[in-house]
Amino acid sequence: MALIQITEPGQAVDPHQRKRAAGIDLGTTHSLIASVRQGQIQTLPDEAGRHLLPSIVHYGLDDQILVGDAARECASRDPLNTIFSVKRLMGRGRADIEARGQLADYDIPDNTDGMVQVRTRQGLLTPVEISAQILSCLGQRAEETLGGSLDGVVITVPAYFDDGQRQATRDAAELAGLKVLRLISEPTAAALAYGLDSGDEGLVVVYDLGGGTFDVSVLRMRMGVFEVLATGGNTSLGGDDVDLALANHFLALTDVQGAVSAEMRRALLIEARRVKESLSQHTRVSVDLQPQGIDWSGEITRETLEALTSKLIDETIRITRKTIRDADVDLDDVANVVLVGGSTRMPMVSEAIEKFFGRAPLTTLDPDRVVALGAGLQADQLVGNKPDDEMLLLDVLPLSLGLETMGGLVEKIISRNTPIPVQRAQEFTTYKDGQTAMLIHVMQGERELVSDCRSLAQFVLRGIPPMVAGAAKIRVDFRVDADGLLSVAAEETSTGTRAQVEVKPAYGLSDEDMISMLRASVEHASSDASARMLAEARVDARRLIDALEAALDEDASLLSSEETDELRQAVEALAMVETRDDVQAIKRQTKMLSEASDEFAARRMNREIRKALQGQSVDALSSES
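Residues numbered from 1 in each chain as written. Predicted model: local features only at pLDDT ≥ 70, side-chain atom pairs only at ≥ 80, totals over all residues. Heavy atoms only, no water.

Here we look at the overall build of the chain
Reasoning step 1: Summing up its helical and strand segments, the chain has 16 helices and 27 strands in all.
Reasoning step 2: Across the 625 residues of the chain, 53% fall into the buried class.
Reasoning step 3: Look at the contacts in the chain between residues 6 or more apart in sequence, and 67% of them connect residues 24 or more apart.
Reasoning step 4: Accessible surface, the chain as shown: approximately 28600 Å² in total, 47% of it carbon and sulfur. (Helix = DSSP H or I, 4+ residues; strand = E, 2+ residues; numbered from the N terminus. Buried < 20%, exposed > 50% of the residue type's maximum accessible area, 1.4 Å probe, protein only. Contact = heavy atoms within 4.5 Å. Areas by Shrake-Rupley, 256 points an atom, 1.4 Å probe, with all protein chains shown as cover.)

Following this line, the structure appears as structure tokens:
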């Protein structure tokens, strides 16, 4: 009997011609790549059987570039040419790095604009170029393992990566010659791996503490739909900070005075990481700093490490509590808690999570690999190897997006925690008579005033037909794709005149900005509302003043001299009140001026009607009607 090969809808007819896809976890400390092989998702090892690739790049002599374990061996003896934790530099400016005290780790020129550059013996390099070396190494590993070039990859990013940081990640992948199918958030990828593996449904909290970033997401898993309800985090909080705290403790125990060399600093950080990892398995670890050039030896206990880093873990719990509140769910509603990231191996982390949630977290999947596994599953679907309806992934926008309006206000177009991809549009109008151009200023943040939010991009819509203020209709479209990348377009609806921009900032938010935006929006909610009311009142007052002054200059002949003087005095009175911080006084004076000018407005309208009817007979008008 002959057999016919049966395939699932959406899959290749020949199962041996499956497209090659992979998921990449581009981590701060380690990176991995995963793919579906023989129907099973698995991370791919190198020729030595190692699955974890240290996220370290060394720039040697004669244009030699080492990545991973080979680069790590050069870290202490040649620190300025051995770049580690480059993920913390992605999409950032020099001021961000300086504020975090990271300048000592790298040779960063003080005259670089936009994204930082790192000086190595092979020249100035951006974090995008350095990350591209890591991604290229992983891509080669996949091609060698899978037996051919990749048709596409899914790369994970921290949920709180802003637009600039996400774009920098995509740029690094393209520089490495990889076709990016999608960027997805790391907690989402972890939930994806756990959801398909266990088949569980309900609310899941993903707590992701990696080497350089912390993310927490609340997801609902139901009927194959993975929906992110809320997300929070800090892009500058992770295992690196634990290492730094421990390294500083080493120095405090010794007689080292003044600034340490780059070589000693790097060596201490490497030793601190070793001690931290050992203390996850043991209660005390012996330390000998003589190889680092310091005459000290002794023991470090787990209790000491926990005392040094308790504030860091407390901060992650605070962010977790806030994110659960944002999701509008109760702790009792949470079915499972998933731990992701190598830093969650620290016993104090799992203990803190169990105490907060009242239940033990899930650890059935390797916390170092779970993100890559979820990305690999998503890549296998997006490349076409699995039916599209088998799984739906709904990520969310971490921060609100909007536009600057008159008075320095921010009009939010898309609110934070909105599922992506998403498209929203809103109509705006001109402020002054005869206005032929409009500046579109795109903002990101939760506050009411432009000064308290972050500028993403600006562009000008030109060619607006000259009309009276408020007559033009400007439609502004915001589009956020599945990667969380934003594009904005503006169009004057009557003529079709159009302008647009793909938002690609030179660098991302500072550390303080990213974590404080939501906190500030709550702390300043009352003052922000008052500031918005004041700004709106001033805008209304100024608009009325400008309109009346223009009308008086043009049609003062319609008024007596006494009427003209009265109106001008009322205009001056409002102009004086407009500068005060008294909302009610401004509104009251605006209303008085509006009422005082009603007769003037009626006379102008009657004159225009008479002009329109001049020379026309009653019979002609009747026939037209």
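Notes on the pattern of salt bridges
Side-chain pairing between opposite charges can occur once the charged atoms of the two side chains come close.
Reasoning step 1: Counted according to the given criterion, the structure contains 23 salt bridges.
Reasoning step 2: We note a salt bridge from Arg 603 to Glu 599, for which the minimum N-O separation is 3.1 Å. Here the residue Arg 603 and the residue Glu 599 both occupy positions in helix α15 (residues 598-613), the gap between them amounting to four residues, near one helical turn.
Reasoning step 3: According to the relative accessible area criterion, Arg 603 is partly exposed, its value standing at 23%. (Salt bridge = Lys/Arg side-chain N within 4 Å of Asp/Glu carboxyl O.)

Description of helix α8 (residues 302-326)
Reasoning step 1: Between its first and last C-alpha, α8 extends 34 Å over 25 residues, near the 36 Å set by a 1.5 Å rise per residue.
Reasoning step 2: For α8, the principal kink sits at Thr 309 and spans about 55°.
Reasoning step 3: Among all positions of α8, only Arg 302, Leu 305, Thr 309, Ile 313, Thr 316, Ile 317, Ile 319, Thr 320, Lys 322, Thr 323 and Ile 324 are buried.
Reasoning step 4: One or two residues past the end of α8 sits Asp 328, with phi positive at roughly 60°. (Expected span 1.5 Å × (residues − 1). Bend = angle between axes of the 7 residues up to and from the residue.)

Some points on the sheet that holds strand β23 (residues 437-444)
Two strands in a sheet stick together by hydrogen bonds in their backbones, pointing the same way (parallel) or opposite ways (antiparallel).
Reasoning step 1: Taken in spatial order, the four strands make up an open sheet running β20-β19-β23-β24, and their pairing is antiparallel. The strands lining the two open edges of the sheet, one partner per strand, are β20 (409-414) and β24 (454-462). Neighbour-to-neighbour, the strand axes of this sheet turn through a mean angle of 30°, independent of strand direction. (Pairing = 2+ DSSP bridges. Axes fitted to C-alpha atoms, helices over the stretch in contact; angles between N-to-C directions.)

Here we look at the nonpolar core
Reasoning step 1: Judged by nonpolar contacts, the single largest core of 46 residues is most densely connected at Val 218, Phe 250, Val 275 and Phe 357.
Reasoning step 2: Here Val 275 is in contact with Leu 246, Phe 250, Val 285, Val 287 and Ile 300, once residues within four sequence places are set aside. (Core = buried A, V, L, I, M, F, W, Y, C linked by side-chain atoms within 4.5 Å.)

As for the side chain of Thr 213
Reasoning step 1: Here Thr 213 shows up in the loop between β12 (202-209) and β13 (214-222).
Reasoning step 2: Non-local contacts of Thr 213, meaning those with residues more than four positions away in its chain, are made with Thr 28, Lys 87, Pro 158, Glu 186, Asp 208, Asn 234, Thr 235, Leu 237 and Gly 238.

Examining the environment of Ser 185
Reasoning step 1: You can see Ser 185 is positioned in strand β11 (residues 180-185).
Reasoning step 2: On a C-alpha basis, the gap between Ser 185 and Ala 159 in space is 4.7 Å, while along the polypeptide they are 26 residues apart.

Points about a negative patch on the surface
Reasoning step 1: The grouping of Asp 328, Asp 330, Asp 332 and Asp 333 at the surface amounts to a negative patch.
Reasoning step 2: For Asp 332, the location among the structural elements is in the loop between α8 and β17 (334-340).
Reasoning step 3: Asp 332 gets classed as exposed once you look at its relative accessible area, which sits at 71%. (Patch = residues over 30% accessible without salt bridge, like charges linked within 9 Å, V, L, I, M, F, W, Y side chains within 5 Å. Lys, Arg positive; Asp, Glu negative; His and termini not counted. Charge placed at Lys NZ, Arg CZ, Asp CG, Glu CD.)

Description of unusual backbone geometry
Reasoning step 1: Even without glycine at this site, Ser 85 takes up a positive phi of about 55°.
Reasoning step 2: Relative to the helices and strands, Ser 85 resides in the loop between β7 (82-84) and α2 (94-99).
Reasoning step 3: Although it is not a glycine, Asp 328 sits at a positive phi angle of roughly 60°.
Reasoning step 4: Relative to the elements of secondary structure, Asp 328 occurs in the loop between α8 and β17.

Here's the deal with the environment of Pro 109
Reasoning step 1: Its place among the elements puts Pro 109 in the loop between α2 and β8 (118-120).
Reasoning step 2: A C-alpha to C-alpha distance of 7.2 Å links Pro 109 and Arg 119, two positions ten residues apart in sequence.
Reasoning step 3: Excluding anything up to four places from it in sequence, Pro 109 contacts Arg 94, Gln 117, Arg 119 and Leu 124.

Topic: the sheet that holds strand β6 (residues 65-67)
Reasoning step 1: The three strands lie next to each other as β6-β5-β7, forming an open sheet whose pairing is antiparallel. Edge positions in the open sheet fall to β6 and β7, since each of these has one partner strand only. Taken over all neighbouring pairs, the strand axes of this sheet differ in orientation by 15° on average, direction set aside.
Reasoning step 2: Pairing of strand β5 (residues 56-59) with β6, which is carried by three bridges, proceeds in the antiparallel orientation. Its bridge partner lying in β6, Val 57 is registered against Val 67.
Reasoning step 3: Sheet contacts for helix α3 (residues 127-146): β5, β6 and β7; angle to β5, the most-contacted strand, approximately 110°.

Looking at the side chain of His 58
Reasoning step 1: Here His 58 lies in strand β5.
Reasoning step 2: His 58 has contacts with Gln 64, Ile 65, Leu 66, Ala 71, Cys 74, Asp 78, Asn 81, Thr 82 and Arg 121, leaving out every residue within four places of it along the chain.

Here we look at the pairing of β11
Reasoning step 1: Burial of β11 is extensive: five of the six residues sit out of reach of the surface.
Reasoning step 2: Chirality of the crossover, the property in question, places the unit of strand β10 (residues 152-157), helix α4 (residues 163-175) and β11 among those that are right-handed. (Right-handed = clockwise from strand over helix to strand, strands pointing away.)

Structural notes on the confidence of the model for the chain
Reasoning step 1: Looking at the chain as a whole, its pLDDT mean stands at 80, while 84% of the residues score no less than 70.
Reasoning step 2: This stretch, residues 505-518, has a pLDDT under 50; its non-local contacts, to residues over four places away or in other chains, come to 54 contacts. (pLDDT = per-residue confidence, 0-100.)

Section: the pairing of β12
Reasoning step 1: Within β12, seven of the eight residues are buried, which leaves the element mostly enclosed by the surrounding structure.
Reasoning step 2: Remark: four residues form the turn of the hairpin made by β12 and β13, two consecutive strands paired antiparallel.
Reasoning step 3: When β12 meets β17, the two strands line up parallel, connected through six bridges. Note on β17: the bridge partner recorded for Leu 203 is Val 334.

With respect to the packing of helix α6 (residues 239-252) against helix α7 (residues 262-279)
Reasoning step 1: Running from amino to carboxyl end, α6 crosses α7 at an angle of 110°, the nearest separation of the two axes being 8 Å. Overall, the two elements α6 and α7 adopt an arrangement that is roughly perpendicular. Handedness of the crossing formed by α6 with α7: right-handed. Every residue of α7 that contacts α6 at Gly 239, Asp 240, Val 242, Asp 243, Leu 244, Leu 246, Ala 247, Phe 250 and Leu 251 is listed here: Arg 265, Leu 268, Leu 269, Glu 271, Ala 272, Arg 273, Val 275 and Lys 276.
Reasoning step 2: Here the contact of α6 with α7 is built from residues that sort into ten nonpolar, one polar and six charged. (Parallel < 35°, antiparallel > 145°, perpendicular 65-115°, else oblique. Left-handed = near helix turned anticlockwise from the far one by under 90°. Nonpolar A, V, L, I, M, F, W, Y, C, P; charged D, E, K, R; others polar.)

Section: helix α14 (residues 583-596)
Reasoning step 1: Its 14 residues place the ends of α14 20 Å apart at the C-alpha level, agreeing with the 20 Å of an ideal helix rising 1.5 Å per residue.
Reasoning step 2: The complete set of buried residues in α14 reads Val 583, Ala 585, Ile 586, Gln 589, Thr 590 and Leu 593. When α14 is viewed along its axis, its buried side chains cluster within an angular range of 165° and face the same direction. Every exposed residue of α14 that faces more than 90 degrees away from the buried side is listed here: Arg 588 and Lys 591.
Reasoning step 3: Residue Asp 582 occupies the N-cap position of α14, its side-chain oxygen lying 3.2 Å from the main-chain nitrogen of Gln 584. (Arc of directions from axis to C-beta. Polar contact = N/O pair within 3.5 Å; in protein donor to acceptor, adjacent residues only side chain to side chain.)

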